[in-house]
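Chain residues, written in single-letter form:
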Amino acid sequence: MTVVSRTMSDVPYITLLGVKIHRVDMSATLALIREYIASGKPHIIVTADASSVVRAQNDAEFQYLINAANLVTPDGFGVIKAADMLGTPLIERVSGVEIAKELCRMSAEEGFSVYFLGAAPGVAELAAQNLKKRFPALQVAGVHDGYFDASKDSEIVAQVKASGAHALLVAMGIPRQEKFIYENMQKLGVCVAMGVGGSFDVFSGKVKRAPEWYQKHGLEWFYRLVKDPTKIKKAATLPKFAAMVICRRIMKASFRAK
Ligand code: UDP
């Protein structure tokens, strides 16, 4: 089933363990981004994966800002499966890396400009260059790495604003990227901003995405963990997520039985 939103206010959503997630597919997501840009006003997109949902349980600020975002897309096999198990199915996975790529494609076609903020020095430039090779009409409004002290936030925000970008991709990892966007959204001057995690590493060619088979079978996390054992902390949230979903399902079933 495809949900095509006509206006920004009518996007259906579910609540998964206290976290809002919209029932959108990629085409609805791009249609919304187009509307956000046409409105000229600031909008925030969050991509919620299992680790974000787990983090939101103990980080009230993070949970608040996810639920306050204009659009929250389901990012990951775990979230899709959990929504199915709890009887509130979503449509498909709409991940940050895929949205970022499709946003660049759409921007090249429709004349929007994109600012790339995040990742190690040099990586955002390389990511933007590679995307420009792929979509030659893409307007890169600016690039900046994501390794700066919080005291530099306002300087970076001013650079993004001065660039006149329509869209801002922030690749500084969860939850820093979401908090940076939320705190600065009114000053950034962009119409849409979203956190994209490790996407610049992928676009730059520094990191390879898991092969399709792993993605299809919900094992992307395993592939990433084998390639980069420092991801253990993130992978460790997955059993916690599964346990929370199973508990919620049992609770729901027992309420129904009463
Ligand atoms: N990063 C950054 N600034 C920081 C910490 C991390 O720009 O202070 C970048 C890091 O180089 C990487 C991205 O943020 O490109 C996070 O990638 P990861 O795969 O950990 O993101 P996830 O999708 O798991 O949040």
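Residues numbered from 1 in each chain as written. Predicted model: local features only at pLDDT ≥ 70, side-chain atom pairs only at ≥ 80, totals over all residues. Heavy atoms only, no water.

Below, the discussion takes up the overall build of the protein. A count of helices and strands for the protein gives 13 helices and 8 strands. If one aligns the C-alpha atoms of the protein with their principal axes, the spans along those axes are about 60 × 40 × 35 Å. Relative to its 258 residues, the protein shows a buried fraction of 49%. Summarising the internal contacts of the protein: among those between residues at least 6 apart in sequence, 75% fall at separations of at least 24. As presented, the protein carries roughly 12500 Å² of accessible surface, and 57% of it is formed by carbon and sulfur atoms. Of the charged side chains in the protein, 33 are positive and 24 negative, and the gap between their average positions amounts to 5 Å. (Helix = DSSP H or I, 4+ residues; strand = E, 2+ residues; numbered from the N terminus. Buried < 20%, exposed > 50% of the residue type's maximum accessible area, 1.4 Å probe, protein only. Contact = heavy atoms within 4.5 Å. Areas by Shrake-Rupley, 256 points an atom, 1.4 Å probe, with all protein chains shown as cover. Lys, Arg positive; Asp, Glu negative; His and termini not counted. Charge placed at Lys NZ, Arg CZ, Asp CG, Glu CD.)

Moving on, we get to the environment of Glu 98. Along the chain, Glu 98 turns up in helix α5 (residues 96–110). For the pair Glu 98 and Val 196, spaced 98 residues apart in sequence, the C-alpha to C-alpha distance is 9.4 Å. Not counting residues up to four positions away in its chain, the partners in contact with Glu 98 are Met 26 and Arg 209. Within the local environment of Glu 98, its side chain forms a polar contact with the side chain of Lys 101, the two groups lying 3.2 Å apart. (Polar contact = N/O pair within 3.5 Å; in protein donor to acceptor, adjacent residues only side chain to side chain.)

Scored by pLDDT, the protein has a mean of 94; 97% of the residues are at 70 or more. Throughout residues 1–7 the model reports pLDDT below 50, and contacts reaching past four residues in sequence, or to other chains, amount to 17 contacts. (pLDDT = per-residue confidence, 0-100.)

The full count for this structure, using the stated rule, is 14 salt bridges. Between Lys 101 and Glu 98 there is a salt bridge, with its nearest N and O atoms 3.2 Å apart. With Lys 101 and Glu 98 both in helix α5 and 3 residues apart, this pair spans about one turn of that helix. In this structure, a network of salt bridges that share partners links the residues Asp 75, Arg 93, Glu 98, Lys 101, Glu 102, Arg 105, Arg 209, Glu 220 and Arg 224. (Salt bridge = Lys/Arg side-chain N within 4 Å of Asp/Glu carboxyl O.)

Turning next to the packing of aromatic side chains. Applying the stated rule across the entire model yields 6 aromatic pairs. Between Tyr 64 and Tyr 182, the ring centres sit 6.1 Å apart and the planes meet at 90°, which makes this aromatic pair edge-to-face. Of this pair, Tyr 64 sits in helix α3 (residues 60–68) while Tyr 182 is found in helix α8 (residues 176–188), placing the two residues 118 residues apart along the sequence. Among the residues examined, Tyr 182 registers a relative accessible area of 34% and is labelled partly exposed. Each member of the aromatic cluster is reached from another via a ring pair, and the members are Trp 213, Tyr 214 and Tyr 223. The ring of Tyr 13 has Lys 20 sitting right over it, with the charged end atom 5.8 Å from the ring centre. Over the ring of Phe 148 we find Arg 176, and its NZ or CZ is 4.8 Å from the ring centre. (Phe/Tyr/Trp six-rings, centres within 6.5 Å; stacked < 30°, edge-to-face > 60°. Lys NZ or Arg CZ within 6 Å of the ring centre and 35° of its normal.)

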